[in-house]
Amino acid sequence: MRRFSLIVAVFVTVMISTLPLSAQEGAEARKAVDKEAKKAEKTELKVIEIEPFSYAAVEMTGSYEKHGDAFMKLYSAVGMQGLPMTEAPFGIYWNSPDDTAEEELKWEIGMPVPGDKELAAPIVLKKWEWTTVIQKDFDGVIDGDEIKAAYYGMYEWVEANGYEIAGPMLERFLNSPSANDKGEMIGKVQIVFPVKKK
């Protein structure tokens, strides 16, 4: 059980800060957005095909500040039910605080599991069905304008290339974050957008 508690403690520190948020006002935020948009162009985002996968999920409604509780429930249930933890955990976000009231936000915290597993509450077995996606591996400051700008750069790429968002956004948490000398949290997050042609 101690193993799961340690993993939860690591990931809870970044759950809220890695979520897509509204654009920040001011010149500095706009500069960060422009910088990341240009970076997205340089990295040549492209549409790829991925395989569907089954996952164990804790389904949540309401504030993203509940991420700590969601991760605690997930890791506790995974440990108690003897499920393998061989891949990175992720968050799935069905709507956005940009246009949805906080109490109506729908999101999940999950991890891949074999599709034939029988799960018990508080986790449920679900399937990721969206196979056409773009994805970006973000490596940098995860609690400021830099990661938020990465999302905007991806949205701009989607629009500019004749696509539209086709499903919920997924964030895969690739490492344990650490603070730099400025106190900023540095980490790696894979951002995945399901897309389809307009």
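Quick summary incoming for the structure in this document. (Residues numbered from 1 in each chain as written. Predicted model: local features only at pLDDT ≥ 70, side-chain atom pairs only at ≥ 80, totals over all residues. Heavy atoms only, no water.)

**Details of the nonpolar core**
By size, the foremost hydrophobic cluster in this structure holds 36 residues, and its most contacted members are Trp 107, Ile 191 and Phe 193. Elements represented by at least two residues in this core include exactly strand E2 (53-61), helix H3 (67-80), strand E4 (106-112), strand E6 (132-141), helix H4 (145-160), strand E8 (169-173) and strand E10 (185-197). (Core = buried A, V, L, I, M, F, W, Y, C linked by side-chain atoms within 4.5 Å. Buried < 20%, exposed > 50% of the residue type's maximum accessible area, 1.4 Å probe, protein only. Helix = DSSP H or I, 4+ residues; strand = E, 2+ residues; numbered from the N terminus.)

**Some thoughts on a negative patch on the surface**
A cluster of acidic side chains, namely Glu 65, Glu 102, Glu 103 and Glu 104, defines a negative patch on the protein surface. For Glu 65, the position within the fold is in the loop between E2 and H3. When its relative accessible area of 66% is taken as the criterion, Glu 65 is described as exposed. (Patch = residues over 30% accessible without salt bridge, like charges linked within 9 Å, V, L, I, M, F, W, Y side chains within 5 Å. Areas by Shrake-Rupley, 256 points an atom, 1.4 Å probe, with all protein chains shown as cover. Salt bridge = Lys/Arg side-chain N within 4 Å of Asp/Glu carboxyl O. Lys, Arg positive; Asp, Glu negative; His and termini not counted. Charge placed at Lys NZ, Arg CZ, Asp CG, Glu CD.)

**Considerations on the packing of aromatic side chains**
What the rule picks out here adds up to 12 aromatic pairs. On the basis of an interplanar angle of 70 degrees and a centroid distance of 5.8 Å, the ring pair of Phe 53 and Phe 90 is categorised as edge-to-face. With Phe 53 in strand E2 and Phe 90 in strand E3 (residues 90-93), this pair connects stretches of sequence that are 37 residues apart. Residue Phe 53 is classed as buried on the basis of its relative accessible area of 17%. Residues Tyr 64 and Trp 107 carry aromatic rings whose centres are separated by 5.8 Å and whose planes lie at 80 degrees to one another, so their mutual orientation is edge-to-face. (Phe/Tyr/Trp six-rings, centres within 6.5 Å; stacked < 30°, edge-to-face > 60°.)

**What to know about the pairing of E2**
Both faces of the sheet carry side chains from a regular strand, because those side chains alternate between them. With 7 of 9 residues buried, E2 is to be regarded as a mostly interior element. Here E2 pairs with strand E5 (residues 124-128) via 5 bridges, running antiparallel. In the strand pairing of E5, Ala 57 is matched with Val 124. The pairing of E2 with E4 spans 7 bridges and is classified as antiparallel. Residue pairing in the sheet places Ala 57 in a bridge with Gly 110 of E4. (Pairing = 2+ DSSP bridges.)

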